Structures are given as structure tokens and as C-alpha cells.
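A look at the structure
The chain contents come next:
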Amino acid sequence: MHSTIANGRVKSFDLTEAYKVPGVVKIVTCFDVPNCQFPTAGHPWSVETKHQDICDRKVLNERIRLYGDDIAAVVAEDEVAAFQAARLIRVEYEEYEPIVTAMAAMAEGATPLHPDIRKDNVIVHSHMTMGDSSFTYEEGLKKAVEAYGADNIVSMDVEYDTPRISHCHIELPVSWAYVDTNGKVTIISSTQIPHIVRRCTAQALGIPIGRVRIIKPYIGGGFGNKQDVLYEPLNAFLTTQVGGRGVRMEISREETLGCTRVRHAIELKVKAAARKDGTLVARKLEAYSNQGGYASHAHAIVANSSNEFKQIYHDEKVLESDAYTVYTNIATGGAMRGYGIPQAAFAAECMADDLALALHMDPLEFRRKNCMRPGYEDPHTHVKCNTYGLMECMEKGRRFIHWDEKRREYENQTGPIRKGIGMAIFCYKTGVYPISLETAACRMVLNQDGSMQLSMGATEIGQGADTVFTQMAAEVTGITADKVNVLSTQDTDITPFDTGAYASRQTYVSGMAVKKTGAIFKEKILEYGAYMLKRGQDTLDIENNFVVDKDTRKPLLAMEELATTAFYSLDRSVHITAEATSHCKTNTFATGVCFAEVEVDMPLGKVKVTNIVNVHDSGNLINPKLAAAQVHGGMSMGLGYGLSEQLLFDAKGRPLNDNLLDYKLPTSMDTPDLNALFVELDDPTGPFGNKALGEPPAIPVAPAVRNAVLHATGVAVDSLPLDPQKLVEHFKAAGLI
């Protein structure tokens with residue numbers, strides 16, 4: 001049961017009528033749950049208290065901090081009884097005025113929503129400068145004017161706003177929970193992070209981690225929403241209240257949109273100055289992230305935004321950044337594909353085009369002049385550009401889209417329908433090191449027929465991870481891919497540890513575990529093969545399921561014969577297995593660009609994307625078809641972010657469009673042909689020369705489309721989405737219609 005207010009307290013419940021419904025087994029309220037506050041973010045836990053996620057919610061909450069907060073739950077024999085009983089529960093509230101914007105939450109006198117956690121509603125404020133920590137944007141601008149003259153400096157001061165949106169994964173968050181015969185709470189869950197769900201559930205119930213078991217079957221998407229611990233702790237608690245009976249919890253689409261996690265709405269105030277030759281001299285970013293009712297991933301999102309703004313362009317004098325994450329009475333912000341980078345990219349890439357326009361400079365040349373350079377190393381995290389393909393990506397996209405010709409062709413247009421072409425670049429690190437722990441493990445087992453079992457803690461959520469891990473295992477061991485049996489189900493009682501699917505990390509970090517384990521596994525097989533063949537192990541190799549002579553490649557022993565002998569030999573029976581942990585202490589940048597061509601019908605406020613291409617520098621492609629599919633999916637999400645998607649709330653914090661009729665998710669009918677190109681560079685830190693690709697495709701699309709609209713119409717729209725109502729208002733204000 002969800003609250004019908006956004007800010008307040010539950011004073012009491014009347015369950016009398018609800019308990020009269022036939023089939024009701026148990027009703028629990030916020031007054032019945034363990035007094036344990038727990039975190040929900042899908043982050044590795046830290047042994048350092050200051051780096052631990054914020055514990056600010058309970059399984060059910062008496063203190064209400066958002067519309068739809070979880071306050072009670074009904075366990076019944078069937079859905080009809082559960083819904084009927086929930087509707088009959090009477091709640092008495094003590095209601096407070098909702099605080100729905102970051103600015104209102106930061107205002108003097110605003111009531112703290114979590115006074116036990118923070119003295120006010122600012123969860124974290126971080127300040128960053130490049131160079132002298134006391135050097136400000138204003139001082140940098142002053143020095144630039146002194147050095148080059150006021151007439152040689154162009155500056156801007158703009159606020160860019162990004163919307164709150166939903167992940168819209170096809171499969172809803174669903175779980176089954178029961179208590180097994182040994183008293184262990186077992187949850188079968190649609191999650192990206194089974195091992196983290198286990199730890200957080202134990203924290204929520206106040207029980208040892210060893211008494212919790214999480215099983216993740218093959219699931220239908222997550223995009224970051226399931227990188228949060230959602231309803232698994234509640235379901236675990238419910239089964240303990242009904243004698244360990246199995247409890248199924250499946251929330252509706254409306255609940256998923258309004259009550260789970262959303263992409264953060266971030267206000268990004270940008271000041272920037274450049275010389276007349278296009279050289280960036282100074283920038284300042286103030287970013288205000290609307291966190292919503294609970295911390296979840298909290299400041300990690302907007303801190304990532306701040307890093308992107310810093311990394312993608314270079315400033316001659318100074319970069320100054322302030323980032324705020326703020327509690328409000330809105331749906332809780334969490335991880336979503338790109339993790340703060342889409343918001344930062346919108347601001348940085350709009351800034352680039354706006355400055356280029358003011359300088360009468362080609363936007364592509366402005367980027368070439370100021371963007372991240374080869375060998376770049378972040379001065380704070382020390383993540384490096386180990387390989388660099390950004391310039392090549394821009395050139396490849398430039399040729400594909402016919403940038404130079406179309407920039408000229410679309411100059412000086414008249415009439416109600418106009419065309420334009422725009423672009424946006426990005427960078428994205430691979431995994432979370434050194435900000436957080438990166439660790440992964442892998443297990444390989446030789447079967448009697450010479451095939452192998454591959455067990456990963458890393459999760460397949462529809463992105464093709466299992467296919468890639470199979471390819472990697474085959475590459476390292478010499479056992480062909482058709483003989484690699486990967487286990488798509490993760491079970492925390494059995495599966496090696498891995499933190500899960502997020503941060504575009506699995507092919508990179510978990511891939512290291514596959515490579516390391518595969519090398520050990522192969523050595524064990526060769527050691528047994530040397531025993532059988534009575535020859536030196538260093539003279540042998542494995543190729544296409546045979547032990548072969550390392551020099552001549554002549555097959556000497558079939559893997560099936562070796563495995564059968566190893567299992568059943570009366571002389572020397574050995575069960576050949578290998579397991580290894582990879583503690584990753586490296587990182588690397590992936591980069592890329594999106595070029596978009598649009599046709600804008602100004603009277604209708606309609607933007608039609610007629611051509612679009614993403615070009616990615618993601619290292620070596622392990623599986624080109626999967627890589628292209630990832631890019632196509634990310635581009636589709638980016639188009640929705642740019643043109644139509646936005647979760648709306650009223651002044652009371654109530655969601656207005658928490659359904660797929662009113663929430664404008666693009667369909668296949670709205671999606672143009674999507675083009676994906678790659679620049680393959682062998683990254684020395686990747687297990688197979690690979691680096692991030694899962695999230696980057698979603699990053700540059702929205703700003704590229706916005707910049708194409710700017711080129712077509714001369715109108716700068718500084719907020720997303722570019723929906724018809726907004727565009728018509730802007731075109732009217734500009735006198736174009």
C-alpha cells in the first residue's frame with residue numbers, strides 16, 4: 001500500500017474492514033517492520049564508514065517522503081483479495097507541505113526531510129576547480145580579458161534543464177520469497193545485482209547475510225532501475241510473517257514509474273568564455289540534482305555529471321564546478337543508463353554549439369579545438385585515455401553524415417519546414433574504479449564429455465553478457481564456444497561473487513575474471529594431458545577441443561577422452577575446476593560522437609530525425625553484432641530522452657503521467673533507421689582490448705538532436721524534451737511562426 005500524500009507521517013491505520021476480506025492472510029504496516037534503516041544503491045559496500053551508502057529508509061516507512069511511499073502491505077491467497085483489502089485500509093496522516101524542487105528544498109527555513117541523516121536537505125555539496133583550488137571562474141575570466149582584451153572574449157550564462165524519466169524496462173520488478181527448511185530467506189528476483197541485494201536485504205531485516213539467498217533468473221531488462229534494491233527486503237519480511245510461505249510480489253507499471261527509481265532531473269547552470277579563435281578559456285558549472293525522497297545512489301550521479309563536464313573539454317584558465325544533491329518529495333532518483341553523463345552531456349554539448357554560434361564557428365571545429373586530448377588523465381581520479389579514438393570518431397561521422405555539405409546546404413532557410421544537422425561528443429569511463437571497488441570472480445568446471453560449465457556472478461539482463469563470456473572462455477581455454485555451457489542464473493549460495501551489471505563494467509571487469517580463470521583452468525587441463533601423454537606440459541596447447549602439439553598444432557588427445565579419464569581413472573582421478581577473483585585496479589575512457597539530421601515542422605512543433613549515426617571508440621569489439629545492438633538500443637533511449645519523455649508531477653508531488661499511455665515512450669514507428677559505426681583500438685587495460693559500450697550510446701543523442709534543431713531554426717532550446725508544445729512556444733517567441 002502506498003501513501004496518498006507526499007510529505008508527512010502515518011498516525012494510525014484501521015485494518016478492521018480489510019481483514020474481513022476472504023483470503024487475507026496477513027497485513028503488516030510501517031509500525032510492524034524491523035527498526036533497521038538500510039541503503040538501496042547497487043554499490044559495493046565499503047569497509048570505510050564515510051564511503052558507505054546512506055541508510056535512510058525502512059522496509060515500510062512511517063515518515064512519508066514521497067507520494068506513493070510504502071506504508072503497508074497485504075498478503076493474501078490471491079491478487080483480488082490483496083487489492084480489495086488494500087483499498088479498505090484506512091490511514092490517518094499528519095500532512096506537511098510538499099517540497100518538490102531542489103531550490104525549494106535548499107531555501108532558508110525548508111524542513112529537513114531526513115533530520116536524522118542531514119541537518120538540511122542537501123545530501124552532499126561538492127566543489128571542484130582545476131588548478132589552484134581557490135581560483136574562481138570570475139578570476140579566470142578577468143585574467144582572460146586582461147590577456148586578450150574584452151573585445152576578444154565571448155561569454156555565455158545559460159541554465160540547461162534535464163527531465164525526470166523512467167527506465168521502462170519490459171519486465172516489471174517482480175520477486176518470489178520463501179523461507180527454506182533450513183530457515184534461510186530465499187528470494188527469486190528480477191535484479192541486476194543479486195549479491196548486493198543479498199547484503200541489503202540482510203541489513204533491512206537485521207539478520208546475518210548468510211541467512212539470505214538471492215536467485216536471479218534470466219530477466220527482461222533493467223537499465224539501472226534494477227541496480228537498486230527495490231522490493232526484495234519487503235518481500236523477504238513478508239514471508240517471515242506468514243510462516244515462510246511463498247510470497248509473490250509484482251508491482252504494476254504505474255507503481256514502477258512512480259514508486260521505484262527515475263533518472264535524476266538536474267538543473268545545470270553554465271557560464272563559459274572563449275576567445276574569438278574558439279579557444280575555451282574558462283567555464284563554471286552549478287548542478288542541482290533533485291534526488292527525491294530517499295538517497296539511493298545519491299551524490300554519485302551528479303558527481304559523475306561534474307566529472308564529465310570537466311573531462312570532455314579543456315579550459316585554458318579555469319574550470320569551477322559546484323554540485324548539489326538535494327532531498328525533495330518527488331520520486332527517488334537512482335541509476336539509469338549513463339549515470340549522470342546524459343545530463344552533463346546535454347549541458348556541455350549545448351554549451352559547445354551555443355558558443356560556436358556566437359563565435360560564427362563550425363561546431364565540429366570548435367570541438368576539435370577544445371575536446372579531450374590523447375593521453376588525457378583526470379587530475380582527481382587519474383583515469384586515463386589509454387587509447388584515443390575521439391578525433392577519428394568525429395571524422396568518420398563527419399564523412400558518413402556529409403557534415404560539411406549539409407551545414408552549407410541548410411544555411412539561410414525560409415519557410416515553415418526547415419532542416420538542420422547537429423552533433424554531440426562524450427567520454428565515459430569503464431567501471432567504477434578508483435571511486436569504488438571493482439571485483440569479480442569466475443568458476444570453470446570440466447564436464448565428463450570434455451565440455452565445460454562457466455559460472456559468473458556477473459548478470460545477463462538482456463545485453464548479451466553470457467554470449468560474450470562464452471566467447472572469452474572459448475578464446476582463453478581452446479574449448480570451442482559450443483562446448484561452453486554458461487549458467488545464466490545467479491544464485492548467491494553457489495555463484496562466485498560479482499557486484500553485478502552496471503557502469504558498463506562486466507565485459508571489462510568480469511572479463512578479466514574470465515581470462516584469469518581460463519588461464520588457470522587451461523593449465524590444469526594441460527597438466528593432466530601431459531600425464532596422459534607422458535610428455536612435457538610446456539610442449540602442449542589446446543585448440544578446437546583437442547590437446548595439440550604447441551609447435552606443429554597436431555591433435556594429440558581429444559578433450560572428451562581427457563575429461564572422461566580424469567573423472568574415472570582408477571590410477572589418477574581428478575575433478576578439473578578453476579576459480580579466480582579479479583580485483584580490477586585499472587580504468588579507461590571510451591569516447592564517441594552522435595551526428596543527427598532533422599526536419600523541423602515549426603507550426604506543428606514536430607521534429608523528425610531523418611538521419612542519425614553514433615560512432616564509438618570502445619576498444620576491440622568482442623561481438624560486433626551485439627555491439628551494434630547495444631548502440632541501436634542506446635540511441636533509441638536517447639531519442640526518447642531528447643524528444644518526448646518526461647515524468648510529470650504536480651505541486652503536491654503526485655505523478656501525472658505514470659502510465660505508458662500518457663508517458664510518451666517512443667515506439668518503433670517513431671524511430672528512424674539507426675546507424676552504428678566503430679573505431680576499434682586495442683586498449684591495453686581491457687582483458688581483450690575492450691572498454692565501455694553498454695551505456696555510452698544513450699549519452700550523445702539528445703544534445704545532437706537539440707543542436708540540429710538549433711542549426712535548422714536558429715532557436716536554442718535549453719531544456720529537454722523537445723516536445724511540440726515547448727517548441728511551438730519557442731518558435732513563437734522567436735517570431736518564426
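Residues numbered from 1 in each chain as written. Predicted model: local features only at pLDDT ≥ 70, side-chain atom pairs only at ≥ 80, totals over all residues. Heavy atoms only, no water.

**Section: the overall build of the protein**
Along its length, the protein carries 18 helices and 26 strands. Taken over C-alpha atoms, the radius of gyration comes to 28 Å for the protein, in line with the 27 Å a tight globule of 737 residues would show. With respect to the principal axes defined by its C-alpha atoms, the protein has extents near 90 × 80 × 50 Å. The 737 residues of the protein split such that 60% are buried. In the protein, 78% of the contacts between residues at least 6 apart in sequence involve partners at least 24 apart. In the structure as shown, the protein presents an accessible area of about 27900 Å², 52% of it carried by carbon and sulfur atoms. Averaging the locations of the 75 positively and 92 negatively charged side chains of the protein gives two centres separated by 1 Å. (Helix = DSSP H or I, 4+ residues; strand = E, 2+ residues; numbered from the N terminus. Rg over C-alpha atoms; globule rule 2.2 N^0.38 Å. Buried < 20%, exposed > 50% of the residue type's maximum accessible area, 1.4 Å probe, protein only. Contact = heavy atoms within 4.5 Å. Areas by Shrake-Rupley, 256 points an atom, 1.4 Å probe, with all protein chains shown as cover. Lys, Arg positive; Asp, Glu negative; His and termini not counted. Charge placed at Lys NZ, Arg CZ, Asp CG, Glu CD.)

**Some remarks on helix α10 (residues 363–370)**
Along α10, the residues classified as buried are Pro 363, Leu 364, Phe 366, Arg 367 and Asn 370. Down the axis of α10, the buried side of the element spans an arc of 160°, and every buried residue falls inside it. (Arc of directions from axis to C-beta.)

**A short note on the packing of α10 against helix α11 (residues 390–401)**
Interhelical geometry of α10 versus α11 gives an angle of 165° and a closest axis separation of 11 Å. Judged on the interaxial angle alone, α11 and α10 are roughly antiparallel. Judged by the sense of rotation from one axis to the other, the crossing of α10 with α11 is left-handed. Contacts between α10 and α11 involve Leu 364, Glu 365, Arg 367 and Arg 368 from the first element and Met 391, Met 394, Glu 395 and Arg 398 from the second. (Axes fitted to C-alpha atoms, helices over the stretch in contact; angles between N-to-C directions. Parallel < 35°, antiparallel > 145°, perpendicular 65-115°, else oblique. Left-handed = near helix turned anticlockwise from the far one by under 90°.)

**Some remarks on the layout of surface pockets**
The volume enclosed by the second largest pocket comes to roughly 1000 Å³. Looking at the second largest pocket, it is lined by 32 residues, and the ones nearest its centre are Val 74, Ala 82, Phe 83, Arg 248 and Glu 250. Of all the elements in the fold, those that place two or more residues in the lining of the second largest pocket are β4 (72–76), α2 (79–88), α6 (232–241) and β11 (247–250). (1 Å grid on protein atoms, 1.4 Å probe; cavity = no way out; pocket = protein on both sides within 12 Å on 5 of 7 lines; lining within 4 Å. Points joined across faces, edges and corners; volume = space filled by probe spheres on them.)

**Digging into the pattern of salt bridges**
For the structure shown, the criterion picks out 40 salt bridges. Here Arg 443 and Glu 579 are joined by a salt bridge, their closest N and O atoms 2.8 Å apart. Taken together, the residues Arg 443 in strand β16 (residues 439–446) and Glu 579 in strand β23 (residues 577–583) connect sequence positions 136 residues apart. On the basis of relative accessible area, Glu 579 is assigned to the partly exposed category, the value being 45%. Overlapping salt bridges bring together Glu 365, Arg 368, Glu 395, Arg 398, Arg 399 and Asp 404 as one network. (Salt bridge = Lys/Arg side-chain N within 4 Å of Asp/Glu carboxyl O.)

**As for the environment of Ala 629**
With respect to the helices and strands, Ala 629 occurs in helix α16 (residues 624–643). On the basis of relative accessible area, Ala 629 is assigned to the partly exposed category, the value being 45%. Distance from Ala 629 to Ala 676, taken between C-alpha atoms, is 8.7 Å for residues 47 residues apart in sequence.

**A closer look at the packing of aromatic side chains**
Taken as a whole, this structure holds eight aromatic pairs when the rule is applied. When the ring of Tyr 376 is compared with that of Phe 589, the centres are 6.0 Å apart and the planes differ by 55°; the resulting orientation is tilted. With a gap of 213 residues between them, Tyr 376 in the loop between α10 and α11 and Phe 589 in strand β24 (residues 589–601) connect regions that are remote in the sequence. Here the guanidinium or amino end of Arg 275 rests over the ring plane of Tyr 148, the centre of that ring lying 4.4 Å away. (Phe/Tyr/Trp six-rings, centres within 6.5 Å; stacked < 30°, edge-to-face > 60°. Lys NZ or Arg CZ within 6 Å of the ring centre and 35° of its normal.)

**Details of empty space enclosed by the protein**
Tallied over the full model, the rule gives four cavities of 30 Å³ or more. Counted as a void, the largest cavity has a volume near 120 Å³. Residue lining of the largest cavity: 14 residues in total, with Arg 57, Val 59, Asp 70, Leu 230 and Tyr 231 positioned closest to the centre. The class makeup of the residues in the lining of the largest cavity is eight nonpolar, two polar and four charged. Taken as a whole, the second largest cavity encloses approximately 70 Å³ of empty space. What lines the second largest cavity is Asn 304, Asn 307, Glu 308, Gln 311, Ile 341, Thr 381, Val 383, Cys 427, Tyr 428, Lys 429 and Phe 589. Elements represented by at least two residues in the lining of the second largest cavity include exactly α8 (299–312) and β15 (417–429). (Nonpolar A, V, L, I, M, F, W, Y, C, P; charged D, E, K, R; others polar.)

**A word on helix α4 (residues 137–148)**
Taking 1.5 Å of rise per residue, the twelve residues of α4 would be expected to cover 16 Å, and the 16 Å separating its terminal C-alpha atoms lies within 8% of that figure. The set of residues buried in α4 consists of Tyr 137, Gly 140 and Ala 144. Down the axis of α4, the buried set is contained in an arc of 60°. They therefore lie on one face. For α4, exposure combined with an orientation more than 90 degrees from the buried face picks out Lys 142 and Glu 146. The inward-facing, buried residues of α4 abut β7 (153–162), β12 (265–275), β13 (280–292) and β14 (318–327). A positive backbone phi angle near 90° is found at Gly 149, which sits one or two residues after α4. (Expected span 1.5 Å × (residues − 1).)

**Some words on the nonpolar core**
If you look at the biggest cluster of nonpolar residues, it comprises 94 residues, and the most contacted ones within it are Tyr 160, Tyr 313, Met 351, Leu 355, Ile 425, Ile 612 and Val 705. Looking at this core, the element that brings in the most residues is helix α9 (residues 341–358), giving eight residues. Listed in part, the 52 residues of the second largest apolar core include Ala 18, Val 24, Ile 27 and Met 249. (Core = buried A, V, L, I, M, F, W, Y, C linked by side-chain atoms within 4.5 Å.)

**Concerning unusual backbone geometry**
Geometrically, the link from Tyr 433 to Pro 434 is a cis peptide bond, its omega value of 5° lying close to zero. Summarising the element assignment, Pro 434 is placed in the loop between β15 and β16. Here Leu 720 and Pro 721 are connected by a cis peptide whose omega angle stands at -5°. Tracing the backbone shows Pro 721 in the loop between α17 (701–713) and α18 (724–733). At Cys 168, a position not held by glycine, the phi torsion is positive, near 55°. By the secondary structure assignment, Cys 168 is in the loop between β7 and β8 (174–179). Its relative accessible area of 13% is what places Cys 168 among the buried residues. With phi around 50°, Asn 544 is a residue other than glycine that occupies positive phi space. Mapped onto the secondary structure, Asn 544 falls in the loop between β20 (540–543) and β21 (546–549). Given the relative accessible area of 51%, Asn 544 is considered exposed.

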